[in-house]
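Tertiary structure, described
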Amino acid sequence: MKPIPAAKQPALVSRLIKACGGAYSPKQRRKYFLTGPQWAAAYEGHALFHAPTRSPIGYEDVIREYSKIGIGHWATHDTDVYPADALGTDRQDEITAGIKKALKKHGLQCSMVTTETFHHAVFAASPAAEAPEVREYARWRLANTVRIGHELGAQYCVYWPGSLGYQVQGAVEETNTLKWFAEGLNAACEADIAAAKEKGRPTLKHCLEAKPFEPAAQILLPTSDAMIAFISSGLLKHPDMVGLNPEYLHELMWGAAVRAALARVLLCGKLFHFDINDGYPLKHDVDIGVGLVNPLDWLNVLVLLRNHNYEGPFNLDYKPPRTTSNWGVFAVSFPTAVDRFITLWEMAGEVASDPVISQAYDALRAGGGGDPRDPKSIVEANRELLNLHELIGHRLFQILVGAHRGRTYSV
Ligand code: GLT
Ligand code: MN
Ligand code: MN
């Protein structure tokens, strides 16, 4: 094959994306509570070892392109759109007005706001640092974000305390740091209660997001389970306002069964928000597009969420790879991620109504009828019934590859 000139490459990519087929329309995509983060689309491909491969892009472009794709909601960190030194000044109000205008023009809603408490030098020792002025500044930043959220019509506020930890052990006294972190959340909740009252709006749902490592070497709240315990530690003044935003990959990173981690959050009534992506266990936060690595696991996760009537957002916290261009972010990355999610979600619906799976579940729950005081008889009575466990696994695989609808391969 001859080299393909740069000018002809978009046409080639577009032709092959069309050839893939199976794309949903923007109207269909808008039926799902999908949220697109500003930082995900604007990610330039940089990291510790990586120079950027894409050029900067502002909120107007992101909002417009999300709208074209059919992503109905937008989420942002304060400093994704407001320069840190514009926060709390008139410039903040001007930017807020610009965002509102762009959202309205393109028919999007702001679903969630989050405070960046990890990038700026002031957070070198975390937002819950020893110096009281750092903590006061952090409290102000959180309260300011809450007010921005109310102004933009958001329902959720997320906290990712990635810098809450340490590089060297002994410098930080963990119980103090956690108490100080709770003070920040308390300030955010109180600011929320005041702003909600003033605006006649409901209060926000405050969601903690765990990640087991990065950027701090050791993280004080590394998992969703740790955060659930923290919420009920007694340190929070409004524990009912605080729940979780688990991220699929962040649980996988520490080796969790993601579905089991989510089940524990569901049991506590704390599954408020969900970051969707993919990746590998015991590796870094690569934020690969949903379903590209673990589609069967994803199917199972969505079956659980459907069964429990989860109605919160599915937030596309995904990093388009460095090999993707600025154009490709909206031509390939986001539409395909959205379409894989929708496919997996609908497939999860098929699992729920699949006659083989429901008969197998019913039979397992009926049990074999042994004598509860005689374990030997229980073993005998259930012997053949328990073959259904593996059979269910096989059926889920069939549903994933379409074999339940007669798709076969000739040998
Ligand atoms: C950061 C983190 C994400 C969080 C974002 C919210 S910031 O990109 O890795 O998982 O959701 O603060
Ligand atoms: Mn996330
Ligand atoms: Mn991540």
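Residues numbered from 1 in each chain as written. Chains lettered and ligands numbered in written order. Predicted model: local features only at pLDDT ≥ 70, side-chain atom pairs only at ≥ 80, totals over all residues. Heavy atoms only, no water.

**Topic: the coordination of the manganese ion (ligand 2)**
Within the protein, the manganese ion (ligand 2) binds to Glu209 (OE), Glu247 (OE), Asp275 (OD) and Asp317 (OD); these donor distances fall in the range 2.0 to 2.1 Å. Taken together, the six donor atoms coordinating the manganese ion (ligand 2) and their angles of 73 to 163° define a geometry best described as octahedral. Between the manganese ion (ligand 2) and the manganese ion (ligand 3), the interatomic distance is 4.5 Å, and glutamate 247 donates to each metal, bridging them. Of this pair, glutamate 247 sits in the loop between β8 (242-244) and α10 (248-253) while aspartate 317 is found in the loop between β10 (314-315) and α13 (326-353), placing the two residues 70 residues apart along the sequence. Taken as a pair, glutamate 247 and aspartate 317 share a single burial class, namely buried. (Donors = N, O, S within 2.8 Å, 3.2 Å for Na, K, Ca; no water. Tetrahedral: all angles 85-135°; square planar, octahedral: opposite > 155°, others 65-115°. Helix = DSSP H or I, 4+ residues; strand = E, 2+ residues; numbered from the N terminus. Buried < 20%, exposed > 50% of the residue type's maximum accessible area, 1.4 Å probe, protein only.)

**Points about the sheet that holds β10**
Read from one edge of the open sheet, eight strands run β8-β6-β4-β3-β2-β1-β10-β9, paired in parallel fashion. Each of the sheet's edge strands pairs with one partner strand only, and the pair in question is β8 and β9 (274-275). In this structure, strand β4 (residues 156-159) lies alongside strand β6 (residues 205-208), joined through four bridges in parallel fashion. Residue pairing across strands places tyrosine 156 opposite lysine 205, the latter belonging to β6. The strands touched by helix α4 (residues 59-69) are β1 (34-37) and β2 (73-77); relative to β2, the strand with the most contacts, the crossing angle is about 155°. (Pairing = 2+ DSSP bridges. Contact = heavy atoms within 4.5 Å. Axes fitted to C-alpha atoms, helices over the stretch in contact; angles between N-to-C directions.)

**Describing the coordination of the manganese ion (ligand 3)**
In ideal tetrahedral geometry, four donors around a metal make angles of 109.5 degrees, whereas ideal octahedral geometry with six donors gives angles of 90 or 180 degrees. Those protein atoms acting as donors to the manganese ion (ligand 3) are Glu247 (OE), His250 (NE2), Asp285 (OD), Asp285 (OD) and Asp287 (OD), and they sit at 2.1 to 2.5 Å. Considered as a linear motif, the donors of the manganese ion (ligand 3) on their single chain read E-x2-H-x34-D-x1-D.

**Section: the packing of aromatic side chains**
Scanning the model with the defined rule gives 17 aromatic pairs in all. Look at phenylalanine 118 and tryptophan 160: their rings are 4.7 Å apart centre to centre, the planes differ by 65°, and that puts the pair in the edge-to-face class. Note that phenylalanine 118 is positioned in the loop between β3 (109-114) and α7 (132-152) and tryptophan 160 in the loop between β4 and β5 (165-166), a separation of 42 residues in sequence. Ring plane angle 40° and centroid distance 5.6 Å describe the contact between phenylalanine 274 and tryptophan 298, whose orientation is recorded as tilted. Separated by 24 residues along the polypeptide, phenylalanine 274 in strand β9 and tryptophan 298 in helix α12 (residues 295-307) bring together distant segments of the chain. Each member of the pair, phenylalanine 274 together with tryptophan 298, is buried. Members of the aromatic cluster, joined through ring pairs, are Tyr32, Tyr248, Phe274, Trp298, Tyr310, Phe314, Phe341 and Trp345. Sitting over the face of the ring of tyrosine 43, lysine 319 holds its NZ or CZ atom 5.9 Å from the ring centroid. (Phe/Tyr/Trp six-rings, centres within 6.5 Å; stacked < 30°, edge-to-face > 60°. Lys NZ or Arg CZ within 6 Å of the ring centre and 35° of its normal.)

**A short note on the site of ligand 1**
Within the structure, ligand 1 sits among Trp39, His77, Thr114, Phe118, Trp160, Glu209, Lys211, Glu247, His250, Asp275, Asp285 and Asp317. Within the contact set of ligand 1, an oxygen atom lies 2.6 Å away from a side-chain nitrogen or oxygen of glutamate 209. Between an oxygen atom of ligand 1 and a side-chain N or O atom of glutamate 247, the distance comes to 2.8 Å. In isolation ligand 1 has 310 Å² of accessible area, and contact with the protein removes 92% of it. When the residues that make up the shell around ligand 1 are grouped by side-chain class, the tally is three nonpolar, three polar and six charged. (Near = heavy atom within 4 Å. Polar contact = N/O pair within 3.5 Å; in protein donor to acceptor, adjacent residues only side chain to side chain. Areas by Shrake-Rupley, 256 points an atom, 1.4 Å probe, with all protein chains shown as cover. Nonpolar A, V, L, I, M, F, W, Y, C, P; charged D, E, K, R; others polar.)

**Things to note about the state of the cysteines**
Across all of its chains, the model carries zero disulfides by this definition. We note that cysteine 189 lacks a disulfide partner, and the nearest cysteine sulfur, in cysteine 157, lies 8.8 Å from it. Using a relative accessible area of 2% as the deciding quantity, one classes cysteine 189 as buried. With no disulfide of its own, cysteine 207 lies 7.9 Å from the sulfur of cysteine 157, the closest cysteine sulfur. (Disulfide = S-S within 2.5 Å.)

Note that every value here comes from positions in space, so none of it alone points to a role or purpose.
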